[in-house]
Amino acid sequence: MPEPYYEIGSFKFADIVMHWSRERLTHEIVITRELARGIVREDLRFQSADPRWTQSTTTFRGRPLIGYSARQGLPPIMIRSEALEHLFAIENESVEPKLTTLVTEFVTRNEFRKWLVHSGKALPEFWFSSDERYAKI
């Protein structure tokens, strides 16, 4: 098992896929489809740009970003249109996942935890300590 990453605030899409598939002994395609479903349908908040550091006057040349929300009433994520299209295709199982298309997308530790808890999934060992994983709710 690799060294735990408890102090890291965010991970890129491909890193989550790699670590979680090793931990769960599951093929990366299965994990990729699970994450895609989470983003497209369950408000897993992977983003292409961090809204905390992006000003409204910022120009995104060559990187069209769109706002997307999986559920009405929730704030949108900022994601590259190419990445969102690919996630929809993955979730619909119409294409083979290409992690190279999802190279800039990332999720924060807190947002990942919210999605895991909301969807009833266990917190992964690579990113959460045993105290967090087995805390009383």
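A short tour of the structure in this document, coming up. The structure displayed is predicted, hence computed values, not measured ones.

Cut-offs applied
- Residues numbered from 1 in each chain as written.
- Predicted model: local features only at pLDDT ≥ 70, side-chain atom pairs only at ≥ 80, totals over all residues.
- Heavy atoms only, no water.
- Core = buried A, V, L, I, M, F, W, Y, C linked by side-chain atoms within 4.5 Å.
- Buried < 20%, exposed > 50% of the residue type's maximum accessible area, 1.4 Å probe, protein only.
- Helix = DSSP H or I, 4+ residues; strand = E, 2+ residues; numbered from the N terminus.
- Contact = heavy atoms within 4.5 Å.
- Axes fitted to C-alpha atoms, helices over the stretch in contact; angles between N-to-C directions.
- Parallel < 35°, antiparallel > 145°, perpendicular 65-115°, else oblique.
- Left-handed = near helix turned anticlockwise from the far one by under 90°.
- Nonpolar A, V, L, I, M, F, W, Y, C, P; charged D, E, K, R; others polar.
- Salt bridge = Lys/Arg side-chain N within 4 Å of Asp/Glu carboxyl O.

**Some points on the nonpolar core**
One finds Ile16, Trp20, Leu35 and Phe112 to be the most contacted residues of the largest nonpolar core, which totals 28 residues. Contributing elements (two or more residues each) for this core: α1 (13–24), α2 (28–41), β3 (77–80), α3 (81–91) and α4 (109–119). Here this core takes five residues from α2, the largest share from any one element. Setting aside residues no more than four positions away along its own chain, Trp20 makes contact with Ile31, Glu34, Leu35, Phe112, Trp115, Leu116, Lys121, Pro124 and Phe126.

**Points about unusual backbone geometry**
The phi torsion of most residues other than glycine is negative, and most of the peptide bonds are trans. Residue Leu25 is not a glycine yet carries a positive backbone phi of 55 degrees. Residue Glu93 is not a glycine yet carries a positive backbone phi of 60 degrees. In this structure, Glu93 sits in the loop between α3 and β4 (106–108). Taking the relative accessible area as the measure of exposure, Glu93 reaches 56% and is therefore exposed.

**Brief notes about the packing of α1 against α2**
Contact pair α1 / α2: the axes reach a minimum separation of 9 Å and the direction vectors enclose 125 degrees. Taken together, α1 and α2 sit at an angle that is classed as oblique. In the packing of α1 onto α2, the handedness of the crossing is right-handed. Here α1 contributes Phe13, Ile16, Val17, Met18, Trp20, Ser21 and Arg24 to the contact with α2, which in turn contributes Glu28, Ile31, Thr32, Glu34, Leu35 and Ile39. When its residues are assigned to classes, the contact of α1 with α2 shows eight nonpolar, two polar and three charged.

**Quick look at the side chain of Thr101**
Note on placement: Thr101 falls in the loop between α3 and β4. What Thr101 contacts, discounting residues up to four positions off in sequence, is Arg80, Glu82, Ala83 and His86.

**Notes on α3**
Listing the buried residues of α3 in full gives Ala83, Leu84, His86, Leu87, Ala89, Ile90 and Glu91. The secondary structure elements touched by the buried residues of α3 are α1, α2, β2 (65–68) and β3. Glu93 lies just past α3 and shows a positive phi near 60 degrees.

**A short note on the pattern of salt bridges**
Applying the stated criterion across every chain yields a total of 10 salt bridges. The shortest N-O distance in the salt bridge between Lys121 and Glu34 comes to 3.6 Å. Here Lys121 is found in the loop between α4 and α5 (130–133), whereas its partner Glu34 is found in helix α2, with 87 residues between them in sequence. On the basis of relative accessible area, Lys121 is assigned to the partly exposed category, the value being 26%. By relative accessible area, which is 11% here, Glu34 ends up buried. For Glu132, the salt bridge identified is with Arg113, shortest N-O distance 3.2 Å. Of this pair, Glu132 sits in helix α5 while Arg113 sits in helix α4, placing them 19 residues apart in sequence. Overlapping salt bridges, with partners in common, bring together Asp43, Arg45, Glu111 and Lys114 in one network.

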